[in-house]
Amino acid sequence: MAKLSSQFASISPGMTVNEAQEGLVSIIKAWGINVDDVEREVMDNINQLGNRFAESNIDLVNGMKRAAAALAATGTTYQEAFALFTGAQEVLQNAEVGGRALRSVSMRIRGYSESSEDGLEEADEELKNITGDLIDLTKTAEHSQGVSIFKEGSSTEFKSLVDYFGEIKSIWSEMSQKQQNDFLNKAFGKNQAQAGAALIQNYEAIANAMKAMENAAGSSDREMGIITESLDYKLNRLKETWGTGIAQNLFEREDMKSLLDFLTKLGEGFDSLTSKLGLFGTIGVGAGVFSIRQIVKNFA
């Protein structure tokens with residue numbers, strides 16, 4: 001996990017290694033994902049969505065930290081969860097609000113209480129008939145039967161939230177404003193109604209996110225390849241290799257402190273001197289002039 005977390009943080013601007021690890025662990029635990037599958041199923045998918053939609057990798061991680069357990073416990077797959085969050089986040093631009101909204105709707109639609117300690121144990125008296133209430137609120141002149149949260153022919157097996165909100169979106173314009181408001185309050189709760197509206201209105205992004213993840217394989221490695229070729233990455237790697245690794249191998253702790261102080265002052269002197277010389281791409285040696293890149297290449 002340490003290597004995966006480090007790579008995930010490297011390809012996710014603004015994300016620390018600790019945040020990467022916490023986010024990956026919360027997703028792994030929620031859906032029981034094998035560590036060997038984390039890069040393909042989690043990192044590749046999140047990075048693909050972060051590159052393609054108006055959200056970042058850290059947005060998705062923060063949203064899932066709030067919603068993953070509730071979504072997984074109520075049957076939503078991690079791909080569906082990522083897509084649902086993407087649809088809401090593109091509009092809201094607030095990962096905390098989007099994550100809370102997904103947690104709320106996944107629990108309320110299935111009648112769980114948000115007031116219990118983990119939100120998944122006690123049935124809320126107010127929500128015991130929510131499935132019937134939601135059907136009634138989605139009845140229109142063109143769709144007199146309304147939209148059920150259950151799969152066709154079943155009264156116990158739930159549709160995926162992606163499929164359900166796809167059906168809601170298809171009849172949304174047929175519903176009166178009061179129906180829409182009442183539906184949002186019932187499905188998401190009054191505090192999350194605005195986030196629910198964003199999710200439904202931006203449903204096209206949810207469908208597109210599901211398609212985008214079909215081609216996500218290798219996204220993390222490709223991104224990492226770009227980063228490892230960057231100047232900042234190479235400078236940091238050089239600093240870690242020479243400044244930490246080799247120094248620790250050769251010197252005692254107190255000696256290393258003295259050496260580092262000396263090298264710092266020496267470096268400051270060179271910095272002051274070279275700042276007055278400007279950039280150069282060649283070094284004159286006798287009668288010949290050699291490219292710095294060529295010298296490095298020959299040395300390597």
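What counts as what
- Residues numbered from 1 in each chain as written.
- Predicted model: local features only at pLDDT ≥ 70, side-chain atom pairs only at ≥ 80, totals over all residues.
- Heavy atoms only, no water.
- Helix = DSSP H or I, 4+ residues; strand = E, 2+ residues; numbered from the N terminus.
- Buried < 20%, exposed > 50% of the residue type's maximum accessible area, 1.4 Å probe, protein only.
- Contact = heavy atoms within 4.5 Å.
- Areas by Shrake-Rupley, 256 points an atom, 1.4 Å probe, with all protein chains shown as cover.
- Phe/Tyr/Trp six-rings, centres within 6.5 Å; stacked < 30°, edge-to-face > 60°.
- Core = buried A, V, L, I, M, F, W, Y, C linked by side-chain atoms within 4.5 Å.
- pLDDT = per-residue confidence, 0-100.
- Polar contact = N/O pair within 3.5 Å; in protein donor to acceptor, adjacent residues only side chain to side chain.
- Patch = residues over 30% accessible without salt bridge, like charges linked within 9 Å, V, L, I, M, F, W, Y side chains within 5 Å.
- Salt bridge = Lys/Arg side-chain N within 4 Å of Asp/Glu carboxyl O.

Engineer: Can you break down the overall build of the protein residue by residue, with the values?
Structural biologist: From N to C terminus, the protein includes 15 helices and two strands. Within the span of the protein, comprising 300 residues, buried residues form 39% of the whole. A fraction of 62% describes how many contacts in the protein between residues 6 or more apart in sequence connect residues 24 or more apart. Counting only carbon and sulfur atoms, one obtains 51% of the accessible surface of the protein, whose full area is about 17,300 Å².

Engineer: Now, about the packing of aromatic side chains: what can you tell me, with residues and values included?
Structural biologist: What describes a pair of aromatic rings is the distance from one ring centre to the other and the angle between the planes of the rings. Enumeration according to the criterion identifies seven aromatic pairs in this entry. On the numbers, 6.1 Å between centres and 70° between planes, the contact of W31 with Y78 is edge-to-face. Highlighted residues: W31 in helix 2 (residues 17-31) and Y78 in helix 5 (residues 78-92), separated in sequence by 47 residues. Here W31 matches Y78 in class, with each residue buried. Of the aromatic side chains, those joined through ring pairs into one cluster are Y164, F165, W172, F183 and F188.

Engineer: Describe the side chain of S220, and please don't skip the residues or the numbers.
Structural biologist: With respect to the helices and strands, S220 occurs in helix 12 (residues 219-228). Apart from residues no more than four positions distant in its own chain, S220 is found in contact with Q7, I11, E39, M43, D44 and N47.

Engineer: Report on the nonpolar core, specifying residues and quantitative values.
Structural biologist: Among the nonpolar cores identified, the biggest contains 67 residues, and F8, W31, M64, F82, Y164, F165 and F183 are the most heavily contacted of them. No other element matches the eight residues that helix 4 (residues 57-73) contributes to this core.

Engineer: How would you sum up the confidence of the model for the protein? Please name residues and give values.
Structural biologist: Confidence in the prediction for the protein averages 84 pLDDT; 75% of positions are at 70 or higher. Across residues 116-121, where pLDDT falls below 50, the model places 14 contacts with residues more than four positions away in sequence or in other chains. pLDDT under 50 marks residues 285-290. Its contacts with residues more than four places away, or in other chains, come to seven contacts.

Engineer: If you had to explain the environment of A198 to someone new, which residues and values would you point to?
Structural biologist: Among the structural elements, A198 can be located in helix 10 (residues 193-201). It is 8.2 Å that separates the C-alpha atoms of A198 and Q89, two residues lying 109 residues apart in sequence. Once residues lying within four places of it in the same chain are set aside, the contact partners of A198 are G87, A88, V91 and L92.

Engineer: So what's going on with the side chain of N47? Which residues, and what values?
Structural biologist: Inspection of the secondary structure assignment puts N47 in helix 3 (residues 38-52). We classify N47 as buried; its relative accessible area is 0%. Here N57 takes part through its side chain, which lies 3.2 Å from a polar atom of the side chain of N47. Contacts of N47, omitting those with residues within four sequence positions, involve I11, N57, S219, S220 and E223.

Engineer: Any details on a nonpolar patch on the surface? Residues and values, ideally.
Structural biologist: A cluster of nonpolar residues, F262, L263 and L266, forms a patch on the protein surface that exposes about 290 Å² of accessible area. The topology assignment puts L266 in helix 14 (residues 253-275).

Engineer: Give me the pattern of salt bridges: which residues, what numbers.
Structural biologist: Going through the model one piece at a time under the given rule, you end up with seven salt bridges. A salt bridge links K159 to E167; its shortest N-O distance comes to 2.9 Å. E167 gets classed as partly exposed once you look at its relative accessible area, which sits at 30%. Residue D182 pairs with K178 through a salt bridge whose shortest N-O separation is 2.7 Å. Taken together, the residues D182 and K178, both in helix 9 (residues 177-188) and four residues apart, mark about one turn of the helix. On the basis of relative accessible area, K178 is assigned to the exposed category, the value being 57%.

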